[in-house]
Structure formats: structure tokens, C-alpha cells
Amino acid sequence: MTTTWHELADKISPRTGLLIEGRFQDAGEAFSVIAPRNGKSVADVSFASVHDVDKAVASARAAFEDGRWSKRAPAERKAVLMTWAELCRANADELALLMALEMGKPAHEAKAIEVRAVANTLAWFGEACDKILDELPHTSRDALALITREPAGVVGAVVPWNFPLTMAGWKVAPALAAGCSVVLKPAENSPLSALRFAELGLEAGLPEGVFNVVNGHGHIAGRALGEHPDVDVLTFTGSTEVGRYFLDYAAKSNLKRVYLELGGKSANIIFPDADLDKAASTAAWSIFFNQGEMCTAGSRLLVHESIHDEVVARVSAIASAMQPADPLSDDAAMGALVSKEHLERVETMVETGAKDRAELIVGGERVNADSGGYYFPPTIFDHVAPDAYIAQEEVFGPVLSVSTFKDDAEALAIANGTRYGLASAVWTQNLDRAVAISRGLRVGVCWVNCYEEGDMTIPFGGVKESGFGRDKSLHALEKFFDLKSTWIQLSEPS
Ligand code: NAD
């Protein structure tokens, strides 16, 4: 790009209303979106009331029932999703900048990683639209049985701020590909990118009412979607704490299906026979990338006791060199934490962690405070007891805890010793060990000699208190279909 992110930021004028029935509408109360990079307001955005959520759900329901999307030929739905993907790519700078402004990640990373991801997601599920098959099982000759996949109806999608568009895309693209209508609630901190994303969807040809966006508070708009009697499926990504509420909302309302992608406390397990250079640099990246605000962050580093000093020295050197900077700078390796409240939470967790069987060896204190922004540097705790506070609680910041193990059994026991089960990685050149450890890990995603690898063909999600249900891949489509069995009795064949 020829203009700088700063120049673009001076010119940008974000959408701020709610998207209901294909129109952006100002709702009753407006709240400021604060830029984590400097603590200043970016825009005042309408936040939905319960009544506004009702309107959005009614709009989605009307669109679903009259078939303007749900009954369209799959090839036509595909064309719209593919065009939407192209429009995201064509507007990559603007989408990336909005994410950098609203939640503090480096704009260049948002463009290279996140805009690309959401465009790929739309294109992948768009391409899938006309390749979904129903089933016609063998039955006796006097009957015909059909198993058909029918769009489930109105989908509520509630997403977090850490990957605002990736998370939205993982919900919205398969739901729309299946023929459902959607009401998306972005996180309080990150409505701006969601609104522009939605606007591009309209431009791509989404009929009005099929995709609605209700910015708003979790306990008001998120809850209203969760409790709504006319929402058929609720797909959520966020904290384990809020995930519990959604099960409760469903139980108290219409027993809607709920899918939860929740928190994590993932382990990177490094054995002495690993490629230590690659293992250590990837371990650092896995916890400091995206300011550590990542559900799959490799927040626990488990190293064999014989290589502890060497691995810790390597990871510490990377951590010390990798300092947060203005997300609008093109060489920022890390940006700012999402909000003042989150910065304070991370500070408190680091203080608490230091008191419970852990030694703070790198970072630990806020930096760049003069900017008015919320910057926290890479931070490392060493010699952490596996059941200590900092090894058990999800910080959702750039904070790593290092523990040692003696043998494979102990590595596995420590790795599995949290309430979470989202992801883990194992580093070893020994194939037998790699397979044995990955089989023993109670996680939804396991990496061997890599981290964060995967593409849209591979499902993503957790076990235990990291949730259930899967985003990405053809499995994600299953959430948005109802299976119907139709049995047709035939006359006796002559
Ligand atoms: P959060 O749970 O606070 O919020 C997520 C969403 O839920 C937001 O839209 C929020 O407004 C809404 N919400 C909050 N309170 C609510 C309530 N009472 N009722 C209904 N909705 C409510 O999470 P966050 O701080 O935005 O994101 C961080 C969390 O998300 C971390 O725990 C992280 O691990 C998790 N996460 C998980 C995945 C995954 O795929 N497993 C991916 C990204 C983030």
C-alpha cells in the first residue's frame, strides 16, 4: 500500500448502526469504541436493546421463511459468498485497519492473516454450497427412504474480539452456506470490522434480512439472542464462564442447539530430541503472537528437565526482543491489549501468579504508558508448579509459564492437568513418542513439531471445558442442518 496506516486512519469513517433488514439503523444508546493503541475514541456505535435484538431475529426469521436465501439454488448462494470473499480481499486495508483500531492488533498482521482468513472461509464454504449431498439408503423394494439436510433456521452467532473477523467468518459462512439466516453479535470492543464486513456482504448480493448485526453488551444483546425463543441454533466463541450462560439460556428458553468454542491453557511439550531452535522460536510465537490474546495460545511450556536452561534462554531472548508497539506501525510485532480493563486484569493475574510457586524472569509490567494505550510486554514465569495459579488460569495475554518434566508419563499428566482441552503441541523427532503423546492428550487439536497449522479442511474446537462443536471443515456445516428422515411406502412392485 502507498498510504500509511496512519493516513488511512485519519480518513476512515466507520459504520456505526445496527444492521437489521438490510439497513443500518441507529439504535437508542451509543457507546464509544476506544482504540487500545492510545485510549482515544474511534467512533460512537449503537448498542442493541432487547427490542432491537427482537427486530433482528424477526428480520432473520421472515427472510428464512419466505425462502429468499434458504430456498435459493445452492449455486446462487455460492456465487454470493464467493463475491463476498473477493470484496473482503479488495477492501483488505480498510478491514485490517478497523481491527487494529478497535482491538489493538498490528494492522499489517490483521491484513496478512485475518482478512485473508475470513475471505478464504467465505470462499471455502461458498464452494461447498453446491457439493452437499443428501442420502438415499438401501431399503426393501416396497419403500423409499430419504435422509435430507435441511437448513436449521435462524442462527445466533456471538463472537469475541481477539480475531473479530476470523471468528465471525467461521460461524457466518457455514451457516449461510447451509441456507440459514444469521444474527451476529460482535464483541463490545470490535463492532466496526463486523459492520464493514456485513456491508460488503450486502454489496455481494445477500438479500436483506438474511444477515443481521446487533452490536451490543453481552449481558443485554448476547443474552437476548441466547434466550430468544425464535433462534434455532446458537453458536458461541468466548470464555468458558460465558459459555455456561448460553447453556442456561437455552435450557430456560426453547432448548435451542448450542455450540461452544471456549478458553484454553495449551501446552507446548518439548523433548530433548526435538529441533530445539524451531521448537523454542515457535513456542515464543505461540504465546506472544496477537498479544497472547488467543484461545490456542501456547501458554504452558513443558520442557524436559535436561534441556530446561537452553530452551528457557532461547525463549527469553526472543521475548525480550519482541516488544509491543503502535499497531499502525508496519514493523510492530505485537500491538496493544484490547482494553484498559483487560490490561488491569492481566496485571492482576501476573501479580497473583508471582505469589504462587512461580518465578517471574521476563517482563511483568506495563510499557508505553505515555501513549495512553494498553501495552503489556512478553512475560515469562519459570519453575512454575503445574498446579500453580499461573499454570492453571487463562490469562489471555502474553504470559508464559514454564514447567519441567522427567519422563513421558509426567509430561502427559501435566499437559492434561487443567480443566481445558483446546490444543497442545508435542516436539520430538521420535515418531513412536509423538504418536503416543498425541494419542494421550485430551484436546481437540494436537500439533506435532508445529503450532497453529491447519487449513479450512481441518475441524477446530475443544474438549472438556474448552467446549464442544467444531468450527471449520465440512463438520462445521453439520451444526446448521437438521436431518430429516422421510419414509415413503410404495405399492407392492408388480
Ligand atoms: P467473553 O466470553 O467475555 O465474550 C465473548 C462474547 O460473549 C462477546 O460478544 C460478549 O459480548 C458476549 N457476552 C459476554 N457476556 C455475556 C453474557 N452474560 N451473555 C451473553 N453474551 C455475553 O470473551 P472475550 O473476552 O470476548 O474473549 C476471550 C475468550 O474467548 C477467551 O476465554 C478465549 O479463550 C475465548 N476464545 C475461544 C476461541 C475458541 O475457538 N475456542 C477463540 C477465540 C477466543
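What you see is a predicted model; the values in this text were computed from it and never measured.

Asks: Any chance you could break down the sheet that holds strand β17 (residues 423-427) for me, citing the residues and the numbers?
Replies: Spatial ordering of the open sheet is given by β13-β14-β15-β12-β11-β17-β18, a layout of seven strands whose pairing is mixed. A single partner strand is all that each edge strand has here, and the edge strands are β13 (359-362) and β18 (445-448). Direction aside, the axes of adjacent strands within the sheet are offset by 20° on average. Note that strand β11 (residues 267-270) and strand β12 (residues 300-304) share four bridges and pair parallel. By the bridge assignment, Ile269 is partnered in β12 with Leu302. Strands in contact with helix α10 (residues 276-288) are β11, β12, β14 (379-382), β15 (399-405) and β17; relative to β11, the strand with the most contacts, it is inclined by about 170°. Contacting β11, β17 and β18, helix α15 (residues 431-440) runs over the sheet at an angle of about 165° to β18.

Asks: Could you give an account of the site of the ligand, naming the residues involved and the relevant values?
Replies: Not every one of the 30 residues close to the ligand is listed here, only the nearest: Glu188, Ser239, Tyr249, Leu262 and Glu394. Here an oxygen atom of the ligand sits 3.3 Å away from a polar atom, N or O, in the main chain of Gly238. Taking Tyr249, its side chain carries an N or O atom lying 2.7 Å from a nitrogen atom of the ligand. In the complex, the protein chains occlude 89% of the 840 Å² of accessible area that the ligand would expose alone. Secondary-structure elements contributing two or more residues to the shell around the ligand are α8 (218-227), β9 (233-237) and α9 (240-252). Partitioning the shell around the ligand into residue classes produces 17 nonpolar, eight polar and five charged.

Asks: I'd like a description of helix α12 (residues 340-354), backed by residues and values.
Replies: With 15 residues, α12 ought to run about 21 Å at 1.5 Å a step, and its terminal C-alpha atoms sit 21 Å apart, in line with that. Regarding α12, the residues found buried are His342, Leu343, Val346, Met349, Val350 and Gly353. Seen along its axis, α12 keeps its buried residues to an arc of 125°; they face one direction. Those residues of α12 that are exposed and aimed more than 90 degrees away from the buried face are Glu341 and Glu351. Looking at the buried positions of α12, the neighbouring elements they touch are β14, α13 (389-392) and β15.

Asks: Could you give an account of the domain arrangement of the protein, with specific residues and numbers?
Replies: Domain parsing of the protein yields domain 1 (5-262 + 467-483) and domain 2 (267-456). When each unit is reduced to the centre of its C-alpha atoms, the spacing between domain 1 and domain 2 is 30 Å. Every contact between the two is made by 35 residues of domain 1 and, on the other side, 34 residues of domain 2. Taken together, both faces of the contact between domain 1 and domain 2 bury some 2500 Å²; the carbon and sulfur share is 58%. In terms of surface lost to domain 2, no three residues of domain 1 exceed Pro36, Arg37 and Trp161, which account for 21% of the buried area on that side.

Asks: Break down α10 for me, citing the residues and quoting the values.
Replies: Three- or four-residue spacings in an α-helix give side chains the same orientation, since the helix completes a turn every 3.6 residues. When the terminal C-alpha atoms of α10 are compared, their 18 Å separation across 13 residues agrees well with the 18 Å that a helix rising 1.5 Å per residue should span. Every buried residue of α10 is accounted for by Leu276, Ala279, Ala280, Thr282, Ala283, Ala284, Ser286, Ile287 and Phe288. Structurally, α10 contributes buried residues whose contacts are with β11, β12, α11 (308-321), β14, β15 and β17. Asn290 sits one or two residues past α10 and shows a positive phi near 55°.

Asks: Please give an account of the environment of Glu127 that cites residues and values.
Replies: In this fold, Glu127 is placed in helix α5 (residues 107-128). Glu127 sits 46 residues away from Leu81 along the chain, and the two C-alpha atoms are 8.3 Å apart. When residues no more than four places from it in sequence are discounted, the contact partners of Glu127 are Lys78 and Met82. In this structure the side chain of Glu127 is engaged in a polar contact, spanning 3.0 Å, whose partner is the side chain of Lys78.

Conventions we followed
Here the residue index of a chain counts from 1 through its sequence in written order. Where local features are concerned, this predicted model is filtered to residues with pLDDT of at least 70; where side-chain atom pairs are given and counted, the filter is 80 or more; whole-chain, interface and lining totals use all residues. The basis for the side-chain values is all heavy atoms of the structure; hydrogens and waters are excluded. Here a strand pair is declared whenever DSSP counts at least two bridges between the two strands. The helix count covers DSSP runs of H or I at least four residues long, the strand count covers runs of E at least two residues long, and both are numbered beginning at the N terminus. Only C-alpha atoms enter the line fits that serve as axes; for helices the fit covers just the stretch in contact. Angles between N-to-C directions range over 0 to 180 degrees. Only heavy atoms matter for contacts: two residues are in contact if any of them lie within 4.5 Å across the pair. Nearness is judged by heavy atoms alone; a residue qualifies as near a molecule or strand once a single heavy atom is within 4 Å of it. Any pair of nitrogen or oxygen atoms within 3.5 Å is treated as a polar contact; in protein, a donor-acceptor pairing is required on top of that, and neighbouring residues in sequence qualify only through side-chain atoms on both sides. Note on areas: these come from Shrake-Rupley sampling with a 1.4 Å probe, and a residue is covered only by the protein chains present in the view. Throughout, the ten residues Ala, Val, Leu, Ile, Met, Phe, Trp, Tyr, Cys and Pro are labelled nonpolar, Asp, Glu, Lys and Arg are labelled charged, and all others, Gly among them, are labelled polar. How far a helix is expected to stretch is found by multiplying one less than its residue total by 1.5 Å. Working definition: with a 1.4 Å probe on protein chains only, accessible area under 20% of the residue-type maximum means buried, over 50% means exposed, and in between means partly exposed. Think of the arc as the fan of directions from the helix axis to the C-beta atoms. These domain boundaries are the output of an automatic or database domain assignment. Joining two parts hides part of their accessible area as seen by a 1.4 Å probe, and the buried area is that hidden amount summed over both.

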